[in-house]
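Analysis of the macromolecular model
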Amino acid sequence: AEQKAHSCGDDASADGSADFADRASMMEVRLQAQEDEITLLKSSLADALRKLRLHDQLLPLLKQQLIAGDPESMKLSSAPESIDSIKMFIRGRPITMYIPSNIQNYEDLKMEPPFERLELDWVYGYRGRDCRDNLYFLPSGEAVFFIACVVVLYHINNRTQRHYDKHTDCVRCLTLHPDKVRMASGQTAGVDKDGKPLHPCVHIWDSTTLVTLQQIGLGAFQRGVGCVAFSFDSGAFLCVIDDSNEHMLSVWDCNKGTRHAEVKVRNYQELFCVEFNSNDSTNIITCGKSHVYFWTLSAGQFTKKQGIFGKYKKPKFIQCFVFSLTGDVLTGDSEGNILTWGKSAADVKTLAHEGSVFTLCSLQGGAVLSGGGKDRKIIRWSADLAPERECEIPENYGAVRTISDVDGEELLVGTTRNAILRGTFSDGFVAIVQGHMDEMWGLATHPSQNIFITCGHDRQVCLWKTEEHKLDWCITLEYGLCADFCPNGSVVSVGLSTGRWMVLDLLTREVVSESIDGNEQLSVMRYSPDGSFLAVGSHDNFIYIYNVTESGRRYTRFGKCNGHSSFITHLDWSKDGKYIMSNSGDYEILYWDVAAGCKLLRNRFESKDREWASYTCVLGFHVMGVWLEGSDGTDINALCRSHSERMVAVADDFCKVHLFQYPCPKPKAPSHKYEGHGSHVTNVCFTHSDSHLLSMGGKDTCILHELFFFMLASDKL
């Protein structure tokens, strides 16, 4: 009766929480709608004020022409009205685009996708911060791990990568078949561009050929797949736990793709691990928050025994488990203990770590490795759990998330700070894979070298070498949101979330200059083509202009562009370095005469023929065709024109990278579309030679390095 009452209380609590969440969600939607309406009204008011100012400027001239009675003069004054222009609409707001003089017949323009295509060359990063048991070593010499939507096969000696890229959303779990060739990987559900949920599933695939052998459970799982495991005998069966509230456990026939059985594991409680018993494939073990369950599968039905902690304190979390040579289950928990379980009771407790035991790994011969959280230690235990050796990984890599055995001596270690380490107890460990740990926004490529810089919410500013595919250096600052290299290539400027910005020397990593503009976040840093000016775009609606001297090491305020009615999102310099084109959060396109003292050019048609040194503004005539019909203005986060001015790459809010021809001025322009990211794509950038394109995901902390190749006309047909 107590259990029933407790269950009812839980249900009521859950219903109340769901009710509150629904109401809160509705209020957030209403608030967002009101904010959108205010933004639209502000931008409409700004438009009206600009038109009034323009009218006031033109009225005296018009009066003079009427008095003079000069028909030629009157004809000239009305020229702006006769200029061909087109309108695009974003969230109901009309945006006028003036057609350049060199386009005579706009309606006859034909848009085609570029001849160039992309193929994935390298993936930077590893998902260790919130995933477990996601690092394996193959007989081929490859480490297998995942990040975003890609499973990476990285040869640790040859330093080459292959990629399994058939997933449509973030990969969450991974397991290796007993034959050491086949793999199974599960993904989250995700949503399409219209917000409709997509079905999660498990892919079974061949690690040699990268061919998908079976797709398991499409439409059967909710939210995502949290854990997967093959049976130990012949790997004929796969057990899966989904991410629904009930955490459904199901067993599938790997060859037929059919479900044998299904059962609810636990309501609203975390589940961390599932495995078939190594000696009996009718037995399955699961663990998670305050529990270990021993399941028996018979005639398509599950029966459950709960692990009894007995004289030992029940830990808050059971994080991991492995099987001993005798078939006992060894669990690692949040109290730092390794518990040895008999049939379903904890028999022996071994204090292993200060803080949580995050992972356990069985070695041939019965030895066991344990990885600690707080103490960051890796300990080798004998078969009877006597400590043999231990080491501690460096603090900057975080805690030990998972361990994979290479040859009994050498190990691979995945960490909570998204790094993979390689090493031994004797020689220590070095990083072979590194990545960011939180949302990324800042990306810039060097003007002449094969290096690029990234920054994000993890406070890390990282310089990467594209030829060696490795991190060169990393320093800690505040939240970094934007960056740009000085054209001379010796320094890089980084804009932060506090309005502060810094200039770093690439060789010494020292801060050679710093300044602060306002107290809101900076969204764009952009040097003029000759490096004599730096433009800093801020969320306080201003663009700050600085004179740059001493090879990019000295900065003095030149002026401030004041005229936007919302925060600055993107800006570009003209090729002569005298003008700036800028976009803002309320979809304005403004032009500035920097040489004339940061003067706003009120007649935008005067800038229609101006040539731009870069093109990153998402709104403009030359890139109008990248917007889909019905776009809300935030669907495109970034774009970048190639140095050859033949292509434009687009980063969208739906995890996609698009490649269009440049210019791209007509609606519904065709493009090549590329997947791989599992989050909104925040930035894209071409390398200095246009040989590669870099893209970064926001929350997926993944950087994709993609190689260009040419598609022949015959292939296109």
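Residues numbered from 1 in each chain as written. Predicted model: local features only at pLDDT ≥ 70, side-chain atom pairs only at ≥ 80, totals over all residues. Heavy atoms only, no water.

The chain has the name EMAP like 3 in an unreviewed UniProt entry, where Gasterosteus aculeatus aculeatus is given as its organism. In UniProt, the chain has this text filed under Subcellular location (unreviewed entry): "Cytoplasm, Cytoskeleton". (UniProt positions renumbered as here; feature names shortened; annotations may be inferred.)

Within the open sheet, the 4 strands sit side by side as β24-β25-β26-β27. Their pairing is antiparallel. Looking along the sheet, the strands with just one partner apiece sit at the ends: β24 (357–362) and β27 (387–392). Direction aside, neighbouring strands of the sheet carry axes that sit 15° apart on average. One ladder, built from 4 bridges, connects strand β25 (residues 368–372) with strand β26 (residues 377–381); its direction is antiparallel. (Pairing = 2+ DSSP bridges. Helix = DSSP H or I, 4+ residues; strand = E, 2+ residues; numbered from the N terminus. Axes fitted to C-alpha atoms, helices over the stretch in contact; angles between N-to-C directions.)

A separate point is the nonpolar core. Residues I95, M97, Y615, L619, V626, W627 and L639 are the most contacted members of the largest nonpolar core, which totals 33 residues. Listed by contribution, the elements that provide at least two residues to this core are β1 (85–90), β2 (93–98), β45 (579–584), β46 (589–593), β48 (636–641) and β49 (647–652). Take this core: its biggest share by element is 3 residues, from β1. Excluding anything up to four places from it in sequence, L639 contacts Y615, T616, C617, V618, V623, V626, V648, A649, V650 and V684. W122, V150, Y154 and L704 belong to the second-largest nonpolar core, a separate cluster that totals 31 residues. (Core = buried A, V, L, I, M, F, W, Y, C linked by side-chain atoms within 4.5 Å. Buried < 20%, exposed > 50% of the residue type's maximum accessible area, 1.4 Å probe, protein only. Contact = heavy atoms within 4.5 Å.)

In this section: the sheet that holds strand β19 (residues 301–306). What holds strands together in a sheet is hydrogen bonding between their backbones, with the strands either parallel or antiparallel. Pairing within the open sheet is antiparallel, and its 4 strands lie in the order β16-β17-β18-β19. Here the strands that pair on one side only, and so sit at the sheet edges, are β16 (271–276) and β19. Mean inter-strand twist for the sheet, computed between neighbouring axes without regard to direction, equals 20°. As paired strands, strand β18 (residues 291–298) and β19 are joined by 6 bridges and run antiparallel to one another. Directly across from S298, in β19, lies its bridge partner Q301.

Moving on to the pattern of salt bridges. With the rule as written, the count across this model stands at 26 salt bridges. With its nearest N and O atoms 3.2 Å apart, the salt bridge here joins E390 to K377. One end of the pair, E390, is in strand β27; the other, K377, is in strand β26, and 13 residues separate them in sequence. Residue E390 is classed as partly exposed on the basis of its relative accessible area, which comes to 46%. Residues joined by salt bridges that share partners form a network here, namely K575, E611, R641 and E645. (Salt bridge = Lys/Arg side-chain N within 4 Å of Asp/Glu carboxyl O.)

What follows concerns the packing of aromatic side chains. For the structure shown, the criterion picks out 25 aromatic pairs. Relative to F708, the ring of F686 has its centre 5.6 Å away and its plane inclined at 5°; by these criteria the two rings are stacked. Separated by 22 residues along the polypeptide, F686 in strand β52 (residues 681–686) and F708 in strand β54 (residues 703–710) bring together distant segments of the chain. Here F686 and F708 have matching classes, each one buried. A network of ring pairs unites the aromatic residues W501, Y527, Y546 and Y555 as a single cluster. Over the ring of Y106 we find K666; its NZ or CZ atom is 5.5 Å from the centre of that ring. (Phe/Tyr/Trp six-rings, centres within 6.5 Å; stacked < 30°, edge-to-face > 60°. Lys NZ or Arg CZ within 6 Å of the ring centre and 35° of its normal.)

Looking now at the UniProt feature "repeat: WD" (unreviewed entry) in the chain. The sites that UniProt annotates as "repeat: WD" (unreviewed entry) are residues 433–467 and 561–602. Each end of residues 433–467 is marked by a C-alpha atom, and these two atoms are 15 Å apart; helix forms 0% of the span and strand 54%.

On to unusual backbone geometry, then. At the junction of Y662 and P663, the peptide bond is cis and its omega measures out at -5° in the coordinates. Backbone geometry at H469 places phi at a positive 55°, although glycine is not the residue there. Within the secondary structure layout, H469 lies in the loop between β34 (460–465) and β35 (470–476).

Below, the discussion takes up the pairing of β46. Remark: a regular strand shows side chains that alternate across the two faces of the sheet. The buried fraction of β46 amounts to 5 of the 5 residues, a majority that puts the element mostly inside the structure. Alternating residues of β46 divide into I589, Y591 and D593 and L590 and W592, and every residue in both groups is buried. By the bridge criterion, 5 bridges tie β45 to β46 in an arrangement that is antiparallel. Residue pairing in the sheet places S582 in a bridge with L590 of β46. If you look at the hairpin formed by β45 and β46, you'll find 4 residues sitting between the two strands, and Y587 has a positive phi there, around 70°.

Next up on the list: the side chain of D253. When you line up the elements, D253 lands in strand β14 (residues 248–253). No salt bridge is formed by the buried D253; the nearest opposite charge belongs to K256, separated by 4.8 Å. (Lys, Arg positive; Asp, Glu negative; His and termini not counted.)

It is worth spelling out the UniProt feature "transmembrane region" (unreviewed entry) in the chain at this point. Summarizing the sequence annotation, UniProt attributes the feature "transmembrane region" (unreviewed entry) to residues 135–156 in the numbering used throughout. When the span residues 135–156 is considered, its composition is 0% helix and 64% strand, and the gap between its end C-alpha atoms is 13 Å.

Time to look at the environment of I156. Examined against the element boundaries, I156 turns out to sit in the loop between β6 (150–155) and β7 (160–164). Separated by 19 residues in the primary sequence, I156 and F137 have C-alpha atoms spaced 9.5 Å apart. Filtering out sequence-adjacent residues up to four positions away, I156 remains in contact with F137, G141, A143, L412, R422 and I432.

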